[in-house]
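Each chain, written out:
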Amino acid sequence: MSGSLHAAQALLPGGWAAEVRLRWDAAGRLTEVRPGVAADPADERAPGPLLPGIANLHAHAFQRLLAGLTEYRADEGGDDSFWSWRALMYRHAARIDPAALEAIATWLYVEMLEAGYTTVCEFHYLHNAPDGRPYADDGAMARALLRAARRAGIAITLLPVLYQQGGFGARPTGPGQARFLRGTAALLRLFESLRAEAAAQGARCGIAPHSLRAVGPAALREVLAGVAAIDAHAPIHIHIAEQRAEVEDCRAWSGQRPLAWLLDHAEVDARWCLVHATHLDADEIRRGAASGAVAGLCPTTEANLGDGLFDLPAWSAAGGRWGIGSDSQVTVDAAQELLWLEYGQRLASGRRNVAATTQQPQVAAHLVQQAVAGGAQASGRAAAGIAVGQQADLVALDAGHPALAGLAPDAMLASHLFASSRRSALAEVRVGGRRLVHGGRHALHDAAAAAFIACRRRLLAAA
Ligand code: NGQ
Ligand code: ZN
């Protein structure tokens, strides 16, 4: 539905503007962004400063089930790591059927909207039934995600995942990975059938070779050629270099680090999202940034899993783009990802306001603008900020919140990110102009939470 909104302040791509009138068309696309005009009595009023919605560029919805359930010593020797977490994650993943996935994802997407994410990029690899056999409807799990997004109202970029091997050099997969496996041709068929269905709800499809661990060189070549033949602009996401052991295994296999290998063997460009670009050397940073790809940063998950720290200053100095994702759902809050991104850098460097620049000294505004631009690019959606031609994906802060009231817009945004109010200070969230969160709550909040809780109870009782 077309609509209009008047905001006393709005964060436009060029910075804050006052007395801004927005109009959007029936497709939810902004047709007018005009600062410095008096409010028309017919326009709705934003309840506080208006920010662009942020695309969550990396999510595995099913992992919402196990967020908080792996925070105990699982390794007898006390050597807990990403790999011991992964073994627990696989056990939980084995329990989830399409109905459960829909319940989990619907609640998760409600949480995302209430926390300022307006798009989600779903890196989807639970394709098969738990025993590894395809479902009668091969896309049953993927369709559960599309339905969940439709019900919650979040925009989705669905990325069916190619997963074929247990490690570099065509290592065999384990039983916990049977749900993920798919031939390359079958994955391309799934991609094509999902595209049509996604288009009907204004969603986008891309593909995701899971990682260089899980996809060999021939399959990578084949899937990239196949997807480009269907959609030359389809987003391509990959887990690139999250763990040190992964980098070492890649070097033992190929003589190269993962990103260096990828840059030499694929045409990495602006379609690509390099998820967990955690362990890059100086040459990979230079070449990766120059490729135009987006680095997919998931700071709270990367902290939770003990991955390591992304070199934000070096990547930014090289002109690299980046965005944020909630990945394992241990935190579902855009502001908190940005806070942790900046805090990681502060802890490592002993400096403050690391992400700020000469052009944009306000660190919170800079973080939001970069995450919006990177998220839009990675999702393949026109959601790159409050500007004509972009989707009306809008987040309004609550100007009356005690942490914000009476402050200038930059200070409100900084307080929202850094001074502990975060999602409690989000008043309204719109996707394509449609208001989904009102007074900080999504209309489905109670029903979706209840269904999620019942689903989790049932799945954990069956364990
Ligand atoms: C995933 N998650 O695909 O869900 C991965 C774990 C893997 C993160 N990398 C599995 N955070 O990488 O093998
Ligand atoms: Zn991931």
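What you see is a predicted model, and the numbers here were worked out from it, not measured in a lab.

### What about the environment of Gly344?
And step 1. Position of Gly344 relative to the elements: it lies in helix 11 (residues 334–349).
And step 2. In sequence terms Gly344 and Thr300 are 44 residues apart; their C-alpha atoms lie 9.8 Å from each other.

### Here we look at the coordination of the zinc ion (ligand 2)
And step 1. Looking at the zinc ion (ligand 2), the protein donor atoms are His58 (NE2), His60 (NE2) and His239 (NE2), and they sit 2.0 to 2.1 Å from it.
And step 2. The exposure class of His239 is buried, given its relative accessible area of 6%.

### Considerations on the layout of surface pockets
And step 1. Computed from the structure, the largest pocket encloses a volume of approximately 590 Å³.
And step 2. Taken together, 31 residues form the lining of the largest pocket, with Ala27, Gln391, Val431, Gly432 and Arg434 sitting closest to its centre.
And step 3. Contributions of two or more residues to the lining of the largest pocket are made by strand 1 (3–12), helix 3 (140–152), strand 8 (155–162), strand 16 (426–431) and strand 17 (434–438).
And step 4. The class makeup of the residues in the lining of the largest pocket is 12 nonpolar, 11 polar and 8 charged.

### Observations concerning the pairing of strand 2 (residues 15–24)
The two faces of a sheet get side chains in turn, since along a regular strand they alternate between them.
And step 1. Here strand 1 runs beside strand 2; their pairing, made up of 9 bridges, is antiparallel. Among the inter-strand pairings, Ser4 is bridged to a residue of strand 2, identified as Arg23.
And step 2. Taken together, strand 1 and the strand that follows it, strand 2, pair antiparallel across an intervening segment of 2 residues.

### Digging into the sheet that holds strand 11 (residues 236–239)
And step 1. If you trace the 4 strands from one edge of the open sheet to the other, you get 11-12-13-14, paired in parallel fashion. With partners counted over all chains shown, the strands left at the sheet margins are strand 11 and strand 14 (321–324), one partner each. The average undirected angle you get between the axes of adjacent strands in this sheet is 25°.
And step 2. Pairing of strand 13 (residues 294–297) with strand 14, which is carried by 4 bridges, proceeds in the parallel orientation. Residue pairing across strands places Ala295 opposite Trp322, the latter belonging to strand 14.
And step 3. Here helix 11 sits on the sheet and contacts strand 13 and strand 14; the angle it forms with strand 14, its principal contact strand, is near 130°.

### Concerning the nonpolar core
And step 1. Counting residues in each nonpolar core, the largest one holds 136 residues, and the members touching the most others are Tyr109, Leu262, Trp272 and Trp322.
And step 2. Once you skip the residues sitting within four places of it in the chain, Leu262 turns out to touch Leu212, Leu220, Ile238, Ile240, Val268, Trp272 and Leu274.
And step 3. Membership of the second largest hydrophobic core comes to 16 residues, among which are Val20, Val33, Leu394 and Ala396.

### Observations regarding empty space enclosed by the protein
Empty space among the atoms becomes visible once a probe the size of a water molecule is rolled across them.
And step 1. Evaluation of the coordinates by the stated rule reveals 4 cavities of 30 Å³ or more.
And step 2. Taken as a whole, the largest cavity spans an internal volume of roughly 180 Å³.
And step 3. Around the largest cavity sit 19 residues that line it, and Phe82, Trp85, Met89, His210 and His239 are the ones nearest its centre.
And step 4. Classifying every residue of the lining of the largest cavity by side-chain character gives 8 nonpolar, 7 polar and 4 charged.
And step 5. As a volume, the second largest cavity reaches approximately 100 Å³.
And step 6. In terms of lining residues, the second largest cavity is bounded by 13 residues, among which Leu51, Ile54, Gly116, Ala334 and His416 are the most central.
And step 7. Looking at the lining of the second largest cavity, the elements that each hand over two or more residues are strand 5 (50–52), helix 11 and helix 13 (409–418).
And step 8. Class assignment for the residues of the lining of the second largest cavity results in 10 nonpolar, 3 polar and no charged.

What counts as what
- Residues numbered from 1 in each chain as written.
- Chains lettered and ligands numbered in written order.
- Predicted model: local features only at pLDDT ≥ 70, side-chain atom pairs only at ≥ 80, totals over all residues.
- Heavy atoms only, no water.
- Helix = DSSP H or I, 4+ residues; strand = E, 2+ residues; numbered from the N terminus.
- Donors = N, O, S within 2.8 Å, 3.2 Å for Na, K, Ca; no water.
- Buried < 20%, exposed > 50% of the residue type's maximum accessible area, 1.4 Å probe, protein only.
- 1 Å grid on protein atoms, 1.4 Å probe; cavity = no way out; pocket = protein on both sides within 12 Å on 5 of 7 lines; lining within 4 Å.
- Points joined across faces, edges and corners; volume = space filled by probe spheres on them.
- Nonpolar A, V, L, I, M, F, W, Y, C, P; charged D, E, K, R; others polar.
- Pairing = 2+ DSSP bridges.
- Axes fitted to C-alpha atoms, helices over the stretch in contact; angles between N-to-C directions.
- Contact = heavy atoms within 4.5 Å.
- Core = buried A, V, L, I, M, F, W, Y, C linked by side-chain atoms within 4.5 Å.

Without other data, these values stay purely geometric and don't point to any function.
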